[in-house]
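# Architecture and fold: a report
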Amino acid sequence: MSQTGTQNWTVYLSGEIHTDWREQIAEGVRAKNLPVTLVSPVTDHASSDECGVRILGDEESNFWTDHKGAKVNALRTRTLMERSDIVVVRFGDKYKQWNAAFDAGYAAALGKSIITLHDPALTHALKEVDGAAMAVASEPGQIVEILDYVINGALPASRRAAAAE
């Protein structure tokens, strides 16, 4: 089946920054030649933490350093999320990702289509977030397959057929 017109889809990749899940999705999108632009927050932890004081000046307390950085980062995240067609929110298992949960809530409030991405062991902890999602994936490749299906109507080979081979 052909692509849905010539629309370019914008997909916001939110959440965990300590693994290569974004790169895996980008490789899959390229391999399938999908008309998708991937956008994300700044994923360099130090840059994200320091942006406010590096640009606007030092603060005397960590509270105001974090406050300033959060607001500067929000300029990017809110704008990109508002312009996105789909928001993917990745929850890793190593750190508490309050920012990812906030992004999921913000995306839901905007009426965005959300796909969550996390290990099945986190299903109970994320049940409310998953409840707002249109799909819950456990690996980056599934995100690519969802995008291919949504854009092209293309299904991957049956998991049962692949297992039988």
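The numbers attached to residues start from 1 for each chain and follow its sequence in the written order. For a predicted model such as this one, the threshold for reporting local features is a pLDDT of at least 70, and the threshold for listing and counting side-chain atom pairs is 80 or more; totals across whole chains, interfaces and linings nevertheless cover every residue. Working from all heavy atoms in the structure, the side-chain values ignore hydrogens and water.

## Here we look at the overall build of the protein chain
Going by this rule: Numbering goes from the N terminus for both helices and strands, where a helix is a DSSP run of H or I of at least four residues and a strand is a run of E of at least two. Only heavy atoms enter the contact rule, under which two residues are in contact if any of them lie within 4.5 Å. In this description, accessible areas are obtained by the Shrake-Rupley approach with a 1.4 Å probe, and a residue is regarded as covered only by the protein chains that are shown. Note that His is not counted, nor are the chain ends; the positive residues are Lys and Arg, and the negative ones are Asp and Glu. Charged groups are reduced to one reference atom each: NZ for lysine, CZ for arginine, CG for aspartic acid, CD for glutamic acid.
Each helix and strand counted, the protein chain has seven helices and five strands in total. Written out in order from the N terminus, the α and β elements of the protein chain read β-α-β-α-α-β-α-β-α-β-α-α. With the C-alpha coordinates aligned to their principal axes, the bounding extent of the protein chain is approximately 60 × 35 × 25 Å. A separation threshold of at least 6 residues defines the contact pool for the protein chain, and within that pool the share at least 24 residues apart is 64%. As presented, the protein chain carries roughly 10,100 Å² of accessible surface, and 53% of it is formed by carbon and sulfur atoms. When the 16 positive and 22 negative side-chain charges of the protein chain are each reduced to one mean point, those points stand 3 Å apart.

## Looking at the sheet that holds strand β2 (residues 36-39)
Stated precisely, the cut-off is as follows: For two strands to be treated as a pair, DSSP must find at least two bridges joining them. Lines fitted to C-alpha atoms define the axes here, with helix axes fitted over just the stretch in contact, and angles between the N-to-C directions of these axes take values from 0 to 180 degrees.
In spatial order, the strands read β2-β1-β3-β4-β5; together these five strands make up an open sheet with parallel pairing. Of all strands in the sheet, those bounded by a partner on one side alone are β2 and β5 (135-137). Direction aside, neighbouring strands of the sheet carry axes that sit 25° apart on average. Where strand β1 (residues 9-15) meets strand β3 (residues 86-91), five bridges bridge the pair, whose relative direction is parallel. The partner of Val11 across the bridge, within β3, is Ile86.

Nothing here speaks to function; it is all geometry.
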